[in-house]
Amino acid sequence: ASFSHGSIDRVRNAIQRLPKEQLKLALPRLCEQHLNGEEEFRRFLELFSTIDKELTANLAERACASEDGAIREVGNEYRAQ
């Protein structure tokens, strides 16, 4: 399911108010079940990039290892940052 940009911003803002250390521990596990395609990887990488570089790098590397070319492309965009 896709979200409108307004919904994405509201959710992202709410998440970003939580303690960063807790987010760094919880987000990789919580996002796991939602990483089904390019859009989901992109949205999580956008969020992760506002929270922690290592978190972002880990997910970008995972995306780069995907068999799906669109997911790899997203991973490469964030790996280069």
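Above this text is the structure in question.
Residues numbered from 1 in each chain as written. Predicted model: local features only at pLDDT ≥ 70, side-chain atom pairs only at ≥ 80, totals over all residues. Heavy atoms only, no water.

*Asks:* Any chance you could explain the pattern of salt bridges here in plain terms?
*Replies:* A side chain of one charge can pair with a side chain of the opposite charge when the charged atoms of the two come close. Per the stated rule, a full pass over the model turns up 8 salt bridges. Residues E46 and R12 are paired through a salt bridge, measuring 2.9 Å at the closest nitrogen-oxygen approach. Pair noted here: E46 is in helix α3 (residues 38–49) and R12 is in helix α1 (residues 5–16), with a separation of 34 residues, a long-range link. A salt bridge links E38 to R42, with the shortest nitrogen-to-oxygen separation between them at 2.9 Å. (Salt bridge = Lys/Arg side-chain N within 4 Å of Asp/Glu carboxyl O. Helix = DSSP H or I, 4+ residues; strand = E, 2+ residues; numbered from the N terminus.)

*Asks:* Could you clarify how one ought to interpret the side chain of R42 in this entry?
*Replies:* Positionally, R42 belongs in helix α3. Within the structure, the side chain of R42 is placed 2.9 Å from the side chain of E77, a separation counted as a polar contact. Not counting residues up to four positions away in its chain, the partners in contact with R42 are V74, E77 and Y78. (Polar contact = N/O pair within 3.5 Å; in protein donor to acceptor, adjacent residues only side chain to side chain. Contact = heavy atoms within 4.5 Å.)

*Asks:* Even after reading the chapter, I still don't get the nonpolar core, so can you show me in this structure?
*Replies:* Counting residues in hydrophobic clusters, the biggest one holds 18 residues, and the most contacted among them are L27, F48, I51 and L59. Mapped onto this core, the elements with two or more residues apiece are α2 (20–31), α3, α4 (53–64) and α5 (69–79). In terms of residues, this core owes the most to one element, α3, which gives 5 residues. When residues no more than four places from it in sequence are discounted, the contact partners of L27 are L47, F48, I51 and L55. (Core = buried A, V, L, I, M, F, W, Y, C linked by side-chain atoms within 4.5 Å. Buried < 20%, exposed > 50% of the residue type's maximum accessible area, 1.4 Å probe, protein only.)

*Asks:* Sorry if this is basic, but what is going on with the packing of α2 against α3 here?
*Replies:* How two helices sit against one another is set out by the angle between their axes and by the gap between those axes. Viewed as axis vectors pointing N to C, α2 and α3 meet at an angle of 180°, and their least axial separation amounts to 12 Å. For the element pair α2 / α3, the angle class is roughly antiparallel. Judged by residue contacts, L27, P28 and C31 of α2 engage F44, L47 and F48 from α3. Split into classes, the residues belonging to the contact of α2 with α3 amount to 6 nonpolar, no polar and no charged. (Axes fitted to C-alpha atoms, helices over the stretch in contact; angles between N-to-C directions. Parallel < 35°, antiparallel > 145°, perpendicular 65-115°, else oblique. Nonpolar A, V, L, I, M, F, W, Y, C, P; charged D, E, K, R; others polar.)

*Asks:* Sorry, what's going on with α4 here?
*Replies:* Along an α-helix, residues three or four apart share an orientation, since each turn contains 3.6 residues. Its 12 residues place the ends of α4 16 Å apart at the C-alpha level, agreeing with the 16 Å of an ideal helix rising 1.5 Å per residue. Listing the buried residues of α4 in full gives L55, T56, L59, A60, A63 and C64. Across the axial projection of α4, the buried residues extend over an arc of 165°, all falling on one side. Lining the buried residues of α4 we find α2, α3 and α5. Between the side-chain oxygen at the start of α4 and the backbone nitrogen of E54 there is a gap of 3.1 Å, and the oxygen is on D52. (Expected span 1.5 Å × (residues − 1). Arc of directions from axis to C-beta.)

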